[in-house]
Amino acid sequence: MQRVINNTFTLTAYVGSKTYVTYLTLDKGMLHQFYDRDGNGGAGSVSPDWSVASNQPKFHAECYTTDGEKVKIEKNENLKLYYNNAVVEFNTDTKMSTGTFAGMFKYEDVQEKEGEVRYYSIIKNVASAGNMDNDYIRIEGQILTEGNNVENIQSPTATIQIIPVTSGGTAYIMQIDAPAIKNGEKSTTLAAKIFESNGNKEVESNNYSWKRLDGDVYNSVGTTGKTLTVNASDVSGFELYTCTATIGTITVTAACTVFDYNDNINFEFQITGVGNPNDIRRGETAEVKAIVVDKSGNEVNLSNTAFSGMEIQFALLNRAGEFVKTDRTNPIRITYNEIIDTYGGRLAGYATLEQSRN
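Residues numbered from 1 in each chain as written. Predicted model: local features only at pLDDT ≥ 70, side-chain atom pairs only at ≥ 80, totals over all residues. Heavy atoms only, no water.

Asker: For this particular structure, what's the right way to read the overall build of the protein?
Answerer: When helices and strands are counted, the protein shows one helix and 27 strands. Within the protein, the fraction of its 358 residues that count as buried is 44%. Put simply, 64% of the contacts in the protein that link residues at least 6 apart link residues at least 24 apart. (Helix = DSSP H or I, 4+ residues; strand = E, 2+ residues; numbered from the N terminus. Buried < 20%, exposed > 50% of the residue type's maximum accessible area, 1.4 Å probe, protein only. Contact = heavy atoms within 4.5 Å.)

Structural data, given as structure tokens:
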């Protein structure tokens, strides 16, 4: 069986009294739209229709310290929404977007237990005859935290998928729910969901094909249903799976990553050259070294394992939210300015070491 060692790390540029990791959380709706050029009597039609309140995607920025503690936001001091890398301007009285993106977005500030939360909604369709490319959103700016500290945050970029519909036909998109195998659990269940352009309703196929990435080849795991049970014994660190299904003559495919948090060996990251673990400040150059350890935290001598002589590979998360493999060797070195300029202030990545599956 293939053995794989994986783990992730983050390194965040220090820009205030604390360092934060920010996520873009989708609270309602879906970030995709089907577009039929010939629908609505030739005027063009979209699904789901975001001019209908119940269909409108709603999302917000969620902040955590590098220790995993959720940050209480006293006030969204200077928070900005970016759409395709352009700032969305808002009227602060109506809270509706103005200018280039007039009437496209709205926001509301809600006082909750965790503090002030700014919820954004997309209230206008983005797919059109003139826009058939995927779009991108992110949130960044300043927040006011406890103690009246002004902090800078930036979320990863989220993709709005636009799927064209062939004239007179139906288009489909697949998404996979892929829960991790948590500590103490023996398996997880993946579920493929297919949505069609006619009303964006969920449909099912009579033929699903699941595959797992073995080296550079995806091999069938012999399951034809919409769900797949993945046992912890099948996963080392994480594994990549795909699902393909057919609806009539149309084929849809999606991919997912399955994590196993039970593995006996894993990477531990030693980050040096910085003032605080996982933080990097102006003028510093961080060195990130991946070390293989067992479950007790003891370093494993790879010369006594099937990984002997193999090189650790690194992949880094770019601004588009994609992990890109690099030719950096272990340990990797990266400067504060590189993290600011290339990675938007927060570097996330993973290291992997694998042997071929027998």
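Asker: Sorry if this is basic, but what is going on with the environment of Thr-65 here?
Answerer: In this structure, Thr-65 sits in strand β5 (residues 58–65). Measuring from C-alpha to C-alpha, the distance between Thr-65 and Val-21 comes to 6.0 Å, with 44 residues separating the pair along the chain.

Asker: Teacher, can you tell me more about helix α1 (residues 336–343) here?
Answerer: Spacing of three or four residues puts side chains on the same side of an α-helix, whose turn is 3.6 residues. Among all positions of α1, only Tyr-336, Ile-339 and Tyr-343 are buried. End-on view of α1: buried residues confined to an arc of 95°, all on one side of the axis. Among the residues trailing α1, Gly-345 stands out with phi positive, at a value near 100°. (Arc of directions from axis to C-beta.)

Asker: I keep staring at the environment of Gln-56 and nothing clicks. Help me out?
Answerer: Position of Gln-56 relative to the elements: it lies in the loop between β4 (45–47) and β5. Among the residues examined, Gln-56 registers a relative accessible area of 9% and is labelled buried. Sequence-wise, Gln-56 and Gly-29 are 27 residues apart; in three dimensions their C-alpha atoms are separated by 5.9 Å. Those residues in contact with Gln-56, other than ones at most four positions away along the chain, are Lys-28, Trp-50, Ser-51, Lys-106, Ile-122 and Ile-123.

Asker: Quick question: what am I supposed to make of the nonpolar core here?
Answerer: Burial of nonpolar side chains together is a common tendency in soluble globular proteins. If you look at the biggest cluster of nonpolar residues, it comprises 30 residues, and the most contacted ones within it are Leu-81, Tyr-83, Phe-105 and Ile-137. Mapped onto this core, the elements with two or more residues apiece are β5, β6 (73–83), β8 (105–112), β9 (115–122), β10 (135–145) and β12 (158–165). Ranked by residue count, the leading element in this core is β6, at four residues. If near-sequence neighbours (up to four positions away) are discounted, Tyr-83 is found in contact with Val-88, Phe-101, Met-104, Phe-105, Val-126, Asn-131, Asp-135, Tyr-136, Ile-137 and Ile-160. Judged by nonpolar contacts, the second largest core, of 22 residues, contains Ile-181, Ala-232, Val-252 and Val-258. (Core = buried A, V, L, I, M, F, W, Y, C linked by side-chain atoms within 4.5 Å.)

These values are about where atoms sit, not about what they do.
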